[in-house]
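Structural overview for review
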Amino acid sequence: HRIDYAGSLLLTGGGILLLLGLLEGGIRWAWTSPTSLALFGSALVLLVAFVLVERRAAEPVLPLWLLHHRVVVAAMAASLVVGVLMMGLTTYVPLYAQGVLGYGAVLAGFALAAMTLGWPIAASNAGRLYLTIGFRATMSIGGFVSAAGAALLLLVGPGSPLLLLALPCFVMGLGFGLVASPSMVAAQSSVTWAHRGVATGSTLFARSVGSAVGVAV
């Protein structure tokens, strides 16, 4: 076997610069500042070089055919959206509970913990659901539930009780459980055993990118 050192280094460098630019842009420096432009420009150059290297690598760390695989791409897209919503939620709900609603850190954590209760409840039952109605229908239901939970956040105001903030988190957790687990299993099941590792890693990496995008937005 040949380890794809060049591809690994280019993907790591490009990914780090992209995530750094998304996380720190608009905070430490302006989005249009030379620092942001340099980070995003460098990330683009490294990722383009990564694609060129992967085309010729004997055993690429990320086979490019994976990006054309319908099931894997759908799983990556679902994981990206979960990352956006989840990290946006976990970053700002505790701050809102403390800074706007005036609750302490423990109660603010309780509001967010509602999401971690809903997620395993849904995930533990997702297996039965996607074996009955299929992966696509299960993920669609999960997406609808997540969107409903996000819509419930619109009802939260400066005078809202803590339970009104915890309820949307719980509902979104249910939606995440119906999206994250089925999408991962679908990606793994759609490729051969030899490619399950890269399919899993790609799906998780998409969630990391989504998390950075969610915080930035």
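For clarity, every value in this text was computed on a predicted model and none was experimentally measured.

Parameters at a glance
Starting afresh in each chain, residues are numbered from 1 along the sequence in its written order. A pLDDT threshold of at least 70 governs which residues receive local features in this predicted model, and a stricter bar of 80 or more applies before side-chain atom pairs are shown or counted, although totals over entire chains, interfaces and linings include all residues. The basis for every side-chain value is the complete set of non-hydrogen atoms in the structure, without hydrogens or water. Strands are runs of DSSP state E lasting at least two residues, helices are runs of H or I lasting at least four, and both sets are numbered from the N terminus onward. Exposure is judged per residue with a 1.4 Å probe applied to protein chains only, and the accessible area is read against the type maximum: over 50% gives exposed, under 20% gives buried, and values in between give partly exposed. All tallies of charge rest on Lys and Arg as positive and Asp and Glu as negative; His and the ends of each chain are not included. Each salt bridge in this description consists of a side-chain nitrogen of Lys or Arg and a carboxyl oxygen of Asp or Glu lying within 4 Å of one another. Whenever two N or O atoms come within 3.5 Å, that pair is a polar contact, provided that in protein one can donate a hydrogen and the other can accept it, and provided that, for residues adjacent in sequence, both atoms are side-chain atoms. Contacts are residue-level and defined by heavy atoms, with any inter-residue pair within 4.5 Å sufficient. Axis definition: a line fit to C-alpha positions, over the contact stretch in the case of helices; interaxial angles, taken between N-to-C directions, run 0 to 180 degrees. Put simply, a crossing is left-handed when the front helix is turned counterclockwise from the back one by less than a right angle, and right-handed when it is turned clockwise. Only Asp, Glu, Lys and Arg are considered charged, only Ala, Val, Leu, Ile, Met, Phe, Trp, Tyr, Cys and Pro nonpolar, and every remaining residue, Gly among them, polar. Helix span, expected: 1.5 Å multiplied by one less than the number of residues in the helix. One axis fitted to the seven residues ending at a residue, another fitted to the seven starting there: the angle between these axes is the bend at that residue. Note on ring pairs: Phe, Tyr and Trp rings are taken, using the six-membered ring of Trp, and paired if centres are within 6.5 Å. Classes follow the plane angle, with under 30 degrees stacked, over 60 edge-to-face and the rest tilted.

**A look at the side chain of Asp 4**
Relative to the assigned elements, Asp 4 resides in the segment before helix H1 (5–24). For the buried Asp 4, no salt bridge exists, and the shortest N-O distance to an oppositely charged side chain is 10 Å, to Arg 2. A polar atom in the side chain of Asp 4 sits 3.0 Å from the backbone nitrogen of Gly 7. A polar side-chain atom of Asp 4 sits 3.1 Å from the main-chain amide nitrogen of Val 61. Beyond its immediate sequence surroundings of up to four residues, Asp 4 is in contact with Val 53, Glu 54, Ala 57, Glu 59, Pro 60 and Val 61.

**Here's the deal with the packing of helix H4 (residues 105–133) against helix H6 (residues 162–189)**
The geometry of H4 relative to H6 is characterised by a closest axis approach of 6 Å and an angle of 35 degrees between their N-to-C directions. Here H4 and H6 pass one another in a crossing that is right-handed. Class assignment for the residues of the contact of H4 with H6 results in 25 nonpolar, 4 polar and no charged.

**Some remarks on H4**
With 29 residues, H4 extends 41 Å from end C-alpha to end C-alpha; this agrees with the ideal 42 Å at 1.5 Å per step. When the local axis directions of H4 are compared, the greatest deviation, roughly 40 degrees, occurs at Ala 126. In the core, the buried residues of H4 are packed alongside helix H3 (70–99), helix H5 (135–152), H6 and helix H7 (196–216). Positive backbone phi, approximately 100 degrees, marks Gly 134, located one or two places after H4.

**Considerations on the packing of aromatic side chains**
Within the structure shown, the criterion is met by 3 aromatic pairs. Judged by centre distance (6.4 Å) and plane angle (15 degrees), the ring pair of Trp 31 and Phe 40 falls under stacked. Judged by relative accessible area, Trp 31 falls into the partly exposed class, the value being 39%. Relative accessible area serves as the criterion here: at 26%, Phe 40 is assigned to the partly exposed category.

**Digging into H3**
For H3, with 30 residues, the first-to-last C-alpha span of 43 Å sits near the 44 Å given by 1.5 Å per residue. The largest bend along H3 measures about 25 degrees and falls at Tyr 92, with the proline Pro 94 one to four residues further on.

**Quick word on the side chain of Ser 79**
Here Ser 79 lies in helix H3. Leave out the neighbours within four places in its chain, and Ser 79 touches Thr 203, Ala 206 and Arg 207.

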